[in-house]
Amino acid sequence: MKNQKKYLELLNTAAAGKVKLNVRQIEALLSPPDEKCEQKLFEAALELKRELFGNLVNLRGLIEFSNICKCDCLYCGIRKSNRKVTRYTMSETEILHSAELASQFGYGAVVLQSGERDDVQFTGQVTALIKKINAVPNPPAITLSCGEQSLKTYRRWVKAGAKRYLLRIESSTPELFNAIHPEFTTLAKRKAALRRIRRAGFQTGTGVMIGLPGQTLKHLARDIKFFRDIDVDMIGMGPFLPQQDTPMGNADNSPETIQRRFKWALRMIAVTRLVLRDVNIASTTALQALDPENGREKGLLAGANVIMPNVGEVAYRKDYQLYNGKPALDENGKNIRSALLKSLRKIGEEPRWDSSGDPIHFVKRTAK
Ligand code: 5AD
């Protein structure tokens, strides 16, 4: 009872947004003492989301245009050492078709995501693509998610007309980061890349995986502080899902662990909303993988305001399985869209049609 009262007081303080919470308080918010308090947390985050953005959800058409990757992250299904995936790069025509589809669907923005490469052939192709997408009728805003690049490359992509960039930090705790990446990938390098992204002028997004082996709510509280410290505009995070063809494929995946990852992911969305407030937060596909019926909806009801429905070619979908249980493997963009509309309606939210959906946070920080 006492814990409950204390929790609800802290929640009220967080929701009012007048005090800068410390890591201990953020961790406490991530640890509701019972279900009722957890529900209150989600409600407070949803209320703030609706106050800031109304009952509107931004949509971005996701195009997973290549699974070729030079990295070997221990958790990721498209890591370089995984010989079981057939490597592909969509043709320019296919990518443009997907971008046009996104625009016709009224999505207003696309995310071009790929494995990480930094050779000139690749970076040049991306530059050309950005220009061509910007030339389609009613072009969608372009978000890139193509890994760590030089400042020069990031600048070139901004100049070509890309607006946003997503690069997850995966975990801001060095020990956890090191445990899931090969030694040549470092947290310091990843942070430096995020700084370059911001410097190049992108709306900047990052995020973490939730429920990694050895990860605690304290680590996650520090992640939220990290998001605040680097002043990001967008967040995408989701539960860690072991992928069988990776070194982390044998990680604990008992029903209790899965349940915990899911709960923690929702709490992370809610607390991030309360602490960072006017940023865009995605309800990610990984949530849907754990709860195909309601995962994404629950993310929105916990304060997220972005969904990234796939608009890529179905034929490639099976070769872009970063994790097990990826939903809608053989659904085309049209079916995904109608399922999404239905589920939004069910929870009283609506798509924000034909809008690039810039994060208010970015608009405010660049107007200063
Ligand atoms: N489980 C959950 N998320 C994963 N990602 C990659 N592999 C996994 C996995 N096994 C996420 C990473 C990456 C994003 C593109 O996908 O956070 O940044």
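Throughout what follows, the structure given in this document is the object of discussion. (Residues numbered from 1 in each chain as written. Predicted model: local features only at pLDDT ≥ 70, side-chain atom pairs only at ≥ 80, totals over all residues. Heavy atoms only, no water.)

Details of the overall build of the chain
Inference 1: Tallying secondary structure elements over the chain gives 15 helices and 11 strands in all.
Inference 2: Over its C-alpha trace the chain gives a radius of gyration of 19 Å, about what one expects of a compact globule, namely 21 Å for 368 residues.
Inference 3: Dimensions of the chain along its principal axes, counting C-alpha atoms only, are 60 × 40 × 40 Å.
Inference 4: Of all 368 residues assigned to the chain, the portion counted as buried reaches 57%.
Inference 5: Surface summary for the chain: the accessible area is close to 15,700 Å², and the carbon and sulfur share equals 52%.
Inference 6: Computed over 58 positive and 39 negative side-chain charges, the separation of the two mean positions in the chain equals 5 Å. (Helix = DSSP H or I, 4+ residues; strand = E, 2+ residues; numbered from the N terminus. Rg over C-alpha atoms; globule rule 2.2 N^0.38 Å. Buried < 20%, exposed > 50% of the residue type's maximum accessible area, 1.4 Å probe, protein only. Areas by Shrake-Rupley, 256 points an atom, 1.4 Å probe, with all protein chains shown as cover. Lys, Arg positive; Asp, Glu negative; His and termini not counted. Charge placed at Lys NZ, Arg CZ, Asp CG, Glu CD.)

Section: a positive patch on the surface
Inference 1: Taken together, the side chains of K131, K152, R156 and K159 define a basic patch exposed on the protein surface.
Inference 2: Top contributing element to the positive patch by residue count: helix 6 (residues 151-160), with three residues.
Inference 3: With respect to the secondary-structure elements, K152 resides in helix 6.
Inference 4: Of the residues examined, K152 reaches a relative accessible area of 60% and is grouped as exposed. (Patch = residues over 30% accessible without salt bridge, like charges linked within 9 Å, V, L, I, M, F, W, Y side chains within 5 Å. Salt bridge = Lys/Arg side-chain N within 4 Å of Asp/Glu carboxyl O.)

A look at the pairing of strand 4 (residues 141-145)
Inference 1: Within strand 4, five of the five residues are buried, leaving the element largely enclosed by the surrounding structure.
Inference 2: Alternating positions in strand 4 separate into two faces, A141, T143 and S145 on one and I142 and L144 on the other, with burial throughout.
Inference 3: Where strand 3 (residues 109-114) and strand 4 come together, five bridges link them in parallel fashion. Each residue of the ladder has a partner; that of V110, found in strand 4, is I142.
Inference 4: Of the strand pairs in this sheet, strand 4 and strand 5 (residues 164-166) are connected by two bridges, and their pairing is parallel. Opposite L144, over in strand 5, you have Y165 as the bridge partner.
Inference 5: The β-α-β motif built from strand 4, the intervening helix 6 and the parallel element strand 5 has right-handed crossover chirality. (Pairing = 2+ DSSP bridges. Right-handed = clockwise from strand over helix to strand, strands pointing away.)

Topic: the site of the ligand
Inference 1: Lining the immediate surroundings of the ligand are Y75, C76, Q113, R168, E170, M209, P239, F240, L241, L322 and Y323.
Inference 2: Backbone polar atom of L322 to a nitrogen atom of the ligand: 3.4 Å apart, as the coordinates give it.
Inference 3: Residue composition of the shell around the ligand, grouped by class: eight nonpolar, one polar and two charged. (Near = heavy atom within 4 Å. Polar contact = N/O pair within 3.5 Å; in protein donor to acceptor, adjacent residues only side chain to side chain. Nonpolar A, V, L, I, M, F, W, Y, C, P; charged D, E, K, R; others polar.)

Thoughts on the nonpolar core
Most often, soluble globular proteins have nonpolar side chains that are buried together.
Inference 1: Counting residues in hydrophobic clusters, the biggest one holds 101 residues, and the most contacted among them are L144 and W157.
Inference 2: Ranked by the residues each element gives to this core, the list is headed by helix 10 (residues 255-276), at 11 residues.
Inference 3: Among residues more than four places away in sequence, those in contact with W157 are F122, T123, V126, T127, I130, L144, C146, Q149, A162, Y165 and F202. (Core = buried A, V, L, I, M, F, W, Y, C linked by side-chain atoms within 4.5 Å. Contact = heavy atoms within 4.5 Å.)

Remarks on helix 6
Inference 1: Along helix 6, the residues that are buried comprise L151, T153, Y154, W157 and A160.
Inference 2: Packing partners of the buried residues in helix 6 comprise helix 5 (120-134), strand 4, strand 5 and helix 8 (187-199).
Inference 3: Once helix 6 ends, the next one or two residues include G161, with phi positive near 120°.

A look at unusual backbone geometry
Inference 1: Phi at N138 takes a positive value of approximately 55°, unusual for a residue other than glycine.
Inference 2: Here N138 lies in the loop between helix 5 and strand 4.
Inference 3: Given the relative accessible area of 55%, N138 is considered exposed.

Describing the pattern of salt bridges
Inference 1: Under the criterion given, the structure shown has 23 salt bridges.
Inference 2: The residue K263 makes a salt bridge to E35 at a minimum N-O spacing of 3.4 Å. Taken together, the residues span a long stretch of sequence, with K263 in helix 10 and E35 in helix 3 (residues 35-53) at a distance of 228 residues.
Inference 3: Classification of K263 by relative accessible area gives partly exposed; the value is 22%.
Inference 4: Of the charged contacts in the structure, one is a salt bridge between R198 and D231, with a shortest N-O distance of 2.8 Å. With R198 in helix 8 and D231 in the loop between helix 9 (217-229) and strand 8 (234-239), this residue pair connects regions lying 33 residues apart in the sequence.

Quick word on the packing of aromatic side chains
To describe a pair of aromatic rings, you give the distance between the ring centres and the angle between the ring planes.
Inference 1: Enumeration according to the criterion identifies seven aromatic pairs in this entry.
Inference 2: Where Y154 meets F202, the ring centres are 6.2 Å apart and the plane angle is 90°; that geometry is what we call edge-to-face. Placement of Y154 in helix 6 and of F202 in the loop between helix 8 and strand 6 (203-206) is noted, with a sequence separation of 48 residues between them.
Inference 3: Classification of F202 by relative accessible area gives buried; the value is 0%.
Inference 4: The structure contains a cluster of three or more aromatic residues connected by ring pairs, namely Y154, W157, Y165 and F202. (Phe/Tyr/Trp six-rings, centres within 6.5 Å; stacked < 30°, edge-to-face > 60°.)

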